[in-house]
Each structure stands twice: as C-alpha cells, then as structure tokens.
Amino acid sequence: MEYPVAVALAEAVPTLPRGRGWWYEIKFDGHRTVLWRDAETVRLQARSGRTVTSAWMDLAVAGMNSLRPGTVLDGEAVIYNEGRVDFAAAQSRAASGPVRARELAAVLPASYAVWDLLAHPELGDVRSHPYTERRALLLDLLHDVPPPIQAVPATDDPDVAQLWYDTLQGQGIEGVVCKRATSPYRAGRIWRVNCTSRSDPGRLIAV
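Below: a short report on this structure.

Reading the values: the criteria
- Here the residue numbers are simple positions, counted from 1 along each chain's written sequence.
- Reporting of local features is limited, given that this is a predicted model, to residues whose pLDDT is at least 70; pairs of side-chain atoms are given and counted only at 80 or more, and all residues count toward the totals for whole chains, interfaces and linings.
- Side-chain metrics rest on all non-hydrogen atoms present in the structure, leaving aside hydrogens and water.
- In this description, a nonpolar core means a group of buried Ala, Val, Leu, Ile, Met, Phe, Trp, Tyr and Cys residues linked to one another through side-chain atoms lying within 4.5 Å.
- Remark: exposure states derive from per-residue accessible area (1.4 Å probe, protein chains only) relative to the maximum for the residue type, with buried under 20%, exposed over 50%, and partly exposed in between.
- The helix and strand labels rest on DSSP assignments: H or I over at least four residues marks a helix, E over at least two residues marks a strand, and numbering proceeds from the N terminus.
- Any Lys or Arg side-chain nitrogen found within 4 Å of a carboxyl oxygen on Asp or Glu counts as a salt bridge.
- Two rings from Phe, Tyr or Trp (for Trp, the six-membered ring) form a pair when their centres sit within 6.5 Å of each other. Planes less than 30 degrees apart are called stacked, planes more than 60 degrees apart edge-to-face, and all others tilted.
- Think of it as a cone above the ring: NZ of Lys or CZ of Arg counts as a charge over the ring if it is within 6 Å of the ring centre and within 35 degrees of the ring normal.
- Computed over the protein atoms alone on a 1 Å grid, cavities are sets of points where a 1.4 Å probe fits but cannot get out and pockets are open sets with protein on both sides within 12 Å along at least five of seven lines; a residue lines them when it has an atom within 4 Å of a point.
- Grid points are joined across faces, edges and corners, and a volume is the space filled by probe spheres set on the points.
- For this scheme, ten residues count as nonpolar: Ala, Val, Leu, Ile, Met, Phe, Trp, Tyr, Cys and Pro. Four count as charged, namely Asp, Glu, Lys and Arg, and the remainder, Gly too, count as polar.
- Two strands form a pair only when DSSP identifies at least two bridges running between them.

Comments concerning the nonpolar core
Moving on, step 1. Membership of the largest hydrophobic core comes to 32 residues, with the highest contact counts inside it found for Y24, F28, V34, V176 and W191.
Moving on, step 2. Among the secondary structure elements, those contributing two or more residues to this core are β1 (8-12), β2 (22-28), β3 (31-37), β5 (71-81), β7 (110-120), α5 (158-167), β11 (173-180) and β12 (188-195).

So, the pattern of salt bridges
Moving on, step 1. All chains considered together, the criterion is met by 12 salt bridges.
Moving on, step 2. Where D38 meets R43, a salt bridge forms, and the shortest distance between an N and an O atom there is 3.0 Å.
Moving on, step 3. Taking the relative accessible area as the measure of exposure, D38 reaches 22% and is therefore partly exposed.
Moving on, step 4. Judged by relative accessible area, R43 falls into the partly exposed class, the value being 28%.
Moving on, step 5. A salt bridge links D58 to R93, with the nearest nitrogen and oxygen atoms 2.9 Å apart. Taken together, the residues span a long stretch of sequence, with D58 in helix α1 (residues 57-66) and R93 in helix α2 (residues 87-94) at a distance of 35 residues.
Moving on, step 6. For R93, a relative accessible area of 0% translates into the label buried.
Moving on, step 7. It is possible to trace a salt-bridge network through shared partners that takes in K27, E76 and E174.

Points about the packing of aromatic side chains
Moving on, step 1. According to the stated counting rule, one finds three aromatic pairs in the structure shown.
Moving on, step 2. A centroid spacing of 6.1 Å and a plane angle of 55° characterise the contact between W23 and Y131, whose relative ring orientation is tilted. Of this pair, W23 sits in strand β2 while Y131 sits in helix α4 (residues 131-141); the two residues are 108 residues apart in sequence, bridging distant segments of the chain.
Moving on, step 3. Assessed through its relative accessible area of 23%, W23 is described here as partly exposed.
Moving on, step 4. According to the relative accessible area criterion, Y131 is buried, its value standing at 1%.
Moving on, step 5. Centre to centre, the rings of Y185 and W191 are 5.7 Å apart; their planes meet at 70°, and the pair counts as edge-to-face.
Moving on, step 6. When its relative accessible area of 4% is taken as the criterion, Y185 is described as buried.
Moving on, step 7. Positioned above the aromatic ring of W36, the side-chain terminus of R43 is 5.6 Å from the ring centre.
Moving on, step 8. Over the ring of W191 we find K179, and its NZ or CZ is 3.9 Å from the ring centre.

A word on the layout of surface pockets
Moving on, step 1. Of the voids in this model, the largest pocket is the one considered here, and its volume is about 220 Å³.
Moving on, step 2. If you trace the largest pocket, you find 15 residues lining it, with H31, R32, A46, R47 and R50 closest to the centre.
Moving on, step 3. Mapped onto the lining of the largest pocket, the elements with two or more residues apiece are β3 and α2.
Moving on, step 4. Broken down by class, the residue content of the lining of the largest pocket amounts to five nonpolar, five polar and five charged.

Brief notes about the pairing of β3
Moving on, step 1. Most of β3 is tucked away, with six of its seven residues classed as buried.
Moving on, step 2. Inspection of the sheet shows β3 paired to β5 by seven bridges, in the antiparallel sense. Across the sheet, the residue bridging to T33 is G75, located in β5.
Moving on, step 3. Direction of pairing for β3 relative to strand β4 (residues 42-46): antiparallel, over a ladder of five bridges. Residue L35 lies in a different strand from β4, and its bridge partner there is L44.
Moving on, step 4. From the end of β3 to the start of β4, which pair antiparallel, there are four residues.

Put into structure tokens, the structure is as follows:
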C-alpha cells in the first residue's frame, strides 16, 4: 500500500438507514487520521494526505509501543476534556507546530478512535475485504492494545444506533456513521452519516 492512502468518505443523510446488512458506528468529533506502523517508525496522515505526525506525537508513540509493524489503521484523533470530546482542542492541536503540540499534549493528551483496518501485519492490504471481516480483524488486532488506541463502538442494531444518536451528543459525539456489511474500503463517499454537526458533512468523518 502506497503512502498516503486515499480515504473513504461519508455522505450526509437525514435519518439512519435501516434494513438488513447495515452496521453503525459512533461518530467522534476530531481529526481524521490514518496511522501507519512501519518497521521502524509510525507515520500519521491527515485526510488530505498530508503528514501530521508531529501534531499527534503522543499517538505516534502509542502506535510504536502497541502495534505490530505492517499495521495501517483509519480513525479519528480526538481529545477529551472534562468528560466530553473537545473538537476545539483537537483543532488547536492540529494547527500547532511540534513544540506547541507537545505542550498541548501534556495538558490534554489525544486518543485514537479506530474504525477501520486497511493493512494487517500478516495479511497485508485488507481493503478489499468486506466491512465485517475487517471489523473482526481489527478487534482481534486491538484486543490487547491499551488506550489511547481503541476501536469505535459498532452495532448492527438500528435501535441501539438511534439511541446513541439521541443520547450522546452532550458528550461531544456528532452522530452515527452507517456502513454496509459487505462493503470494501475504497476512496469516495461510500458510507452514510447521520449527524448534527455544524461542520461540513464531507469533513465529518471523512468516513
């Protein structure tokens, strides 16, 4: 897989799609980040393809310590502040130079909410695998990985997803991302997002 990778995006929808074959994930309000664990280093990539490792060095260190070489993850760099997701803090970190980013990380460390596995240390590129297979591989891979790297909650129950949407906004959760169980990972707006964000739905989860 060549660096940087073109990421999957989401199209905004007014309601959660229902029916057989849909899966739902919590949508965190942070910065889209692809984490590459290479043989000797970790690189972090923004949605645009820009390298942003220096802004999220605490996540790079966590990836170096906890992930196996050959792992590529897609997710959201988020910052918790007083029990809720703080998008403004994530924005400040993303816009900071290396020195300022280290200062901010010392006060409000970042977390990495992972929603997809693009490359597996043994299987290689798994983007062509169905979502449910990638999800199972992701959960297995992160089983013993401690915070701040964690898989996002996911469910195939639309009522649970609707409950998330209705009750978690006070914690800084933007909404719910919806994915087909059989869908591979590819660039473009292949997912759906039901969201209350004030931001561009395309940025949303760039899922």
